[in-house]
Amino acid sequence: MSVNMAHVGQGGGYRHKKKKKENFLRQTKKMAKRGHYGKGRKLSEDEYTYYVRVFEQMKHVEGEEREILVQNFFHELEREGQVKSLAGNQIVSRILDDALPLANIKQVQALSRVFAEDLRSTCIDPYASHVLQTLLTLSLKNAQVGRFVYNNLEDFIHDTYASHVVRSVLEICSGVEIQDSVKSSHRSQSNHALIQESGKFLAVPPQLKQLLPDIAVRFTQLPNLPEIICSDSGSAVLQSLLIVLIKVDEKQCEILVSHIIKHGFPGVTASYKDQYDEGMKVEVPPIFQDNPATRLLEVVLLFSTSEQQSTSFQEYFSGNIKALVQHRSANFAVQKLLSAWKEKDTFEDLYNEVCEALEAAVKAGHTGVIHAFAQACCRLSSHQSNCVKSLMQLLGCWEPERLQVQFASLLLRMLPYEEYQAKQSESNLPPVSLHGSLTLQELLNFNKPIKVVNSFLEMSIANLQVMACDPRGSHVVDAFISSSFVGTKNRDKFIHKFKGTYTSLACSKHGSRSLEALWKVASIKLKTQICNELIVDELKIKGNSFGIIIYNKFQVGMFKRGDKSDWQELIDKAEKKRKMFDDLLVEDKEGEHKTKKNKKKKKKERKEETSDILDEDIFIDTTGYISD
C-alpha cells in the first residue's frame, strides 16, 4: 500500500486537512490584497473585510461572546436582505456553517424559507449548497430530538435539566415563545430560544408540528399526574404546554385543562390531606400548600373556559378568599382568578368574597389584590359603583361624605384616612404606591368615575405636583386626560389645577412627560397659560436638560416674541400632524384586528365544512383521555 508522503508530517500523522483549515484565513486575506473579494458571489471591499473579521472572531471567542457575535451576524444578514445571495460567497458560506448550530430557531427557519423559494439554484451553487446541507441536518436533529423527548416524556419531565429540553421542544413544535416567568433562568433560553415579533408565529415544519398534540395527548395518559404537578420541573413543563397550546390549538388546550382539573388537582388535594391528622386546622386549601401546584393553577385559570373557571372557584376559592389574600403565595392565585375571569353574569359570588377580604389583603401588604379587583370590575363593566364605594370604605373616606374628596390622595399612597393625616402632619408621607397608581388608572376608566374625578379636582397643588413628577404617579395623569369617561370641562379644570407648577414639571424627568400629556389635550387658552408661566422662568428651563425639550416643543421662543398668531398656527399644524399620525396608528390596529377576525371566521367556516365532509373517526376521540 503506497502513501503520498506529501500528506504525512514528521510524526507520521496526516496534516494536510489541518493545514488547509489554518491557511484558509490567510488565503482570504491574500486574495483581498490582490483585489479579489472571495470566491462565488462577489462582495465589495467593505463587505469582504467585515465578513473576514467575523470569520476570524468566530474562531477565537467562546460561550456568551460567541452567541452575541452570531446574533449580530444574523441581524446584519437580515438588514442586508440578501441572505441567499450572500450565502453564495465562500466566506459567508463558511460563517453560516459555523453559526447556524448556534442560531435561534427563528433564524434557522427564516433562512430555510428563503432557500426553499428556489431550491434548484441553491442545490447547484458551490457554496450555498453547503449551507442547505447544514439546514437539513439541523431540521432532522430537531425532529429526532422532538420525537426522542416524546418517547421519554415520563422520565424527562421529572429531571431538572431534561425538562428544559422538553420546554424547548414545545417552543420549536409550536413556534410560540415561552416567557421568562415560566422559565427558571435566563440561561435556559440562550441561543435556542425563540426571538420573534410580538403577536407573530413562526412556520413550523409538519413533522414537528404534529408532535405538539401528541405530547398533549400523552399528558392525559400519564398515570402520575398529581406527582408531576407537585414537582417544579413537571409544573413548569405543563405551564409551558398550556401556553403554547392556547396559541395554536385551543381545543386541545381545553381538553388538557379539563384533565388537570378532574384528575390532577384532586390528587394533589388528596395527597396533602393524608399528611394531616383528622380535625387539624389548615389555613388554606391543600393545593395552595404546594408552590408548583399553585403556579400551575394560576396558568390553568388563565386558559380555562368560563365553566372551568367556575369549577375551580367553587372547589378551591369559594369560602377561602379571606385566608388566601393573606397568604404569601396564594394571594397571587386570587389576583390571577380576578384577572382571568371571563363571565360578567357569574362574577357576583367572586366579587362579594373579594370585597369582604380587601382589608385583610391590605393589612397583609398584598395590595396587588386591590388592583386586580378594580381591574376585573373595569374589564367586565360590573359592580363599578360598588367597587368605588368598597375602596372608599376600605380607606375610611366614605362617611362622612365630605371626606370622599380625599379618595385619590389616599389611594395613591394606599393609606387609610387617619394614617394619612398623621403621616402628613409629620411630613412623612410614603412614596406613591405602585398598586395605588394602577388602581386609580383602572377607576378612571370606569363608566361613571365622577367621585374619583372630583377627588382629583380637590387635590392640593402640592400633591398634584408630586404625583405628576413621580414615575408611578405620572401614569395616573395620563389616565385622567386620556379617559373617554372624563368630560372636557373636568379635563380643562384638571390642567388648570397645575397652574404655578408648570416650570417645576418642565424641569423634571417624569414631570416633563406629564406636562406633555397635559399639553396634548389642552385648549389654546390653556396652552397660552402654560407658555406665559414658562416665559417667566425661561433661563431656568433652557438650562435644564428636560426643560429645553419642553421649551422647543411648545415653541416658547416664538411665543415670547409676541407673534401669537404665528405661534398658534405652528402649534395647530403640529397638533394636526400628531392627530393624523395617531389616527393612522388606530386605523392600522383596527385593520389588523379585522384581518385577525376575518381569518378566525374563515378558519371556523373551513372547520365546519371539513367536519361535514370527513368521517368522524379522523378526529381525536377525547372521551378516551378523560374518564368519568
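Residues numbered from 1 in each chain as written. Predicted model: local features only at pLDDT ≥ 70, side-chain atom pairs only at ≥ 80, totals over all residues. Heavy atoms only, no water.

Trainee: Hey, could you run me through helix α16 (residues 291-303) in this one?
Mentor: Residue pairs spaced three or four apart in an α-helix point in one direction, given the helix's 3.6 residues per turn. Taking 1.5 Å of rise per residue, the 13 residues of α16 would be expected to cover 18 Å, and the 19 Å separating its terminal C-alpha atoms lies within 8% of that figure. Most of α16 sits out of view: 10 of its 13 residues are buried. Within α16, burial applies to Pro292, Ala293, Thr294, Leu296, Leu297, Glu298, Val299, Val300, Leu301 and Phe303. Its side-chain oxygen 2.9 Å from the backbone nitrogen of Ala293, Asp290 forms the N-cap of α16. (Helix = DSSP H or I, 4+ residues; strand = E, 2+ residues; numbered from the N terminus. Expected span 1.5 Å × (residues − 1). Buried < 20%, exposed > 50% of the residue type's maximum accessible area, 1.4 Å probe, protein only. Polar contact = N/O pair within 3.5 Å; in protein donor to acceptor, adjacent residues only side chain to side chain.)

Trainee: Just checking my understanding: could you explain the side chain of His327 for this structure?
Mentor: Structurally, His327 can be placed in the loop between α18 (321-326) and α19 (330-340). The exposure class assigned to His327 is buried, which follows from its relative accessible area of 14%. A distance of 3.1 Å separates the side chain of His327 from the backbone nitrogen of Ala330, its partner in a polar contact. Ignoring any residue separated from it by four or fewer positions in sequence, one finds His327 in contact with Glu283, Val284, Phe288 and His366. (Contact = heavy atoms within 4.5 Å.)

Trainee: For this particular structure, what's the right way to read the pattern of salt bridges?
Mentor: Close approach of charged atoms allows side chains of opposite charge to pair. Following the criterion strictly, the structure yields seven salt bridges and no others. Linking Arg295 and Asp232 is a salt bridge whose minimum nitrogen-to-oxygen distance equals 3.0 Å. Remark: Asp232 occurs in helix α14 (residues 232-248) and Arg295 occurs in helix α16; sequence separation between them is 63 residues. Assessed through its relative accessible area of 54%, Asp232 is described here as exposed. In this structure, the salt-bridge partner of Asp478 is Arg513, at a minimum N-O distance of 2.7 Å. Note that Asp478 is positioned in helix α28 (residues 473-482) and Arg513 in helix α31 (residues 509-521), a separation of 35 residues in sequence. Beyond isolated ion pairs, a larger network of salt bridges with shared partners links Glu538, Lys542 and Lys560. (Salt bridge = Lys/Arg side-chain N within 4 Å of Asp/Glu carboxyl O.)

Trainee: What should I look at first to understand the packing of helix α26 (residues 450-457) against helix α29 (residues 488-497) in this one?
Mentor: The angle between the axes and the distance between the axes are what describe a pair of packed helices. It is the contact of α26 with α29, at a shortest axis distance of 10 Å, that shows an interaxial angle of 25°. The angle between the axes of α26 and α29 places the two elements in the roughly parallel class. With respect to the hand of their crossing, α26 and α29 are arranged in left-handed fashion. Contacts between α26 and α29 pair Ile450, Val453, Phe456 and Leu457 from the former with Asn490, Lys493, Phe494 and Lys497 from the latter. (Axes fitted to C-alpha atoms, helices over the stretch in contact; angles between N-to-C directions. Parallel < 35°, antiparallel > 145°, perpendicular 65-115°, else oblique. Left-handed = near helix turned anticlockwise from the far one by under 90°.)

Trainee: Help me understand unusual backbone geometry in this model?
Mentor: Following Glu399, the chain continues to Pro400 via a peptide bond in cis, the omega torsion being -5°. With respect to the helices and strands, the residue Pro400 is situated in the loop between α22 (384-394) and α23 (407-413). Look at His383: it is not a glycine, yet its phi comes out positive at around 55°. With respect to the element layout, His383 can be found in the loop between α21 (368-380) and α22.

Trainee: Can you walk me through the nonpolar core in this structure?
Mentor: Membership of the largest hydrophobic core comes to 136 residues, with the highest contact counts inside it found for Phe219, Phe317, Phe456 and Phe494. The residues touching Phe456, leaving out its near neighbours within four places in the chain, are Ala408, Leu440, Leu444, Leu464, Met467, Val476, Phe480, Phe494 and Lys497. Counting residues in each nonpolar core, the second largest holds 32 residues, with Val61, Leu86, Leu96 and Phe115 among its members. (Core = buried A, V, L, I, M, F, W, Y, C linked by side-chain atoms within 4.5 Å.)

Trainee: So what exactly am I meant to see when it comes to the environment of Pro292 here?
Mentor: Tracing the chain through its elements places Pro292 in helix α16. Looking at Pro292, the relative accessible area reads 8%, which means it is buried. A sequence separation of 59 residues divides Pro292 from Ser233, and the C-alpha atoms of the two residues are 8.4 Å apart.

Trainee: When you look at the environment of Ser474 in this model, what are you seeing that I'm missing?
Mentor: Within the element layout of this structure, Ser474 appears in helix α28. Sequence separation between Ser474 and His510 is 36 residues; the distance between their C-alpha atoms is 6.4 Å. Beyond its immediate sequence surroundings of up to four residues, Ser474 is in contact with Met467, Ala468, His510, Arg513 and Ser514. A polar side-chain atom of Ser474 sits 3.4 Å from a polar atom in the side chain of Arg513.

Trainee: Explain the environment of Ser483 to me, please; I cannot follow it from the model alone.
Mentor: Within the secondary structure layout, Ser483 lies in the loop between α28 and α29. In this structure, the C-alpha to C-alpha distance between Ser483 and Asn447, residues 36 residues apart in sequence, is 9.8 Å. Residues in contact with Ser483, not counting those within four places in the same chain, are Leu444, Asn445 and Arg491. Here the side chain of Ser483 touches Phe485 through a polar contact of 3.1 Å, landing on its backbone nitrogen.

Trainee: What should I look at first to understand the packing of aromatic side chains in this one?
Mentor: How two aromatic rings sit relative to each other is given by the distance of their centres and the angle of their planes. Throughout the structure, instances matching the rule amount to 13 aromatic pairs. Consider the rings of Trp519 and Phe554, whose centres lie 3.8 Å apart with planes at 5°: the pair is stacked. Taken together, the residues span a long stretch of sequence, with Trp519 in helix α31 and Phe554 in the loop between α34 (547-553) and α35 (556-560) at a distance of 35 residues. Every member of this aromatic cluster is reached through a ring pair, and the members are Phe456, Phe480, Phe494 and Phe498. Above the ring of Tyr150, the side-chain terminus of Arg218 is found at 5.2 Å from the ring centroid. In this structure, Lys527 packs its charged tip against the face of Trp519, placed 5.3 Å from the ring centre. (Phe/Tyr/Trp six-rings, centres within 6.5 Å; stacked < 30°, edge-to-face > 60°. Lys NZ or Arg CZ within 6 Å of the ring centre and 35° of its normal.)

Trainee: How should I be thinking about the confidence of the model for the protein chain in this particular structure?
Mentor: Low-pLDDT portions of the prediction should not be read for the details of their coordinates. Per-residue pLDDT for the protein chain averages 81, and the proportion of residues at 70 or more is 79%. Here residues 1-21 is modelled with pLDDT under 50, and outside its nearest four sequence neighbours on either side it reaches nine contacts, counting other chains as well. Every residue in residues 606-628 scores below 50 in pLDDT, and together they form 14 contacts with partners more than four places removed in sequence or on other chains. (pLDDT = per-residue confidence, 0-100.)

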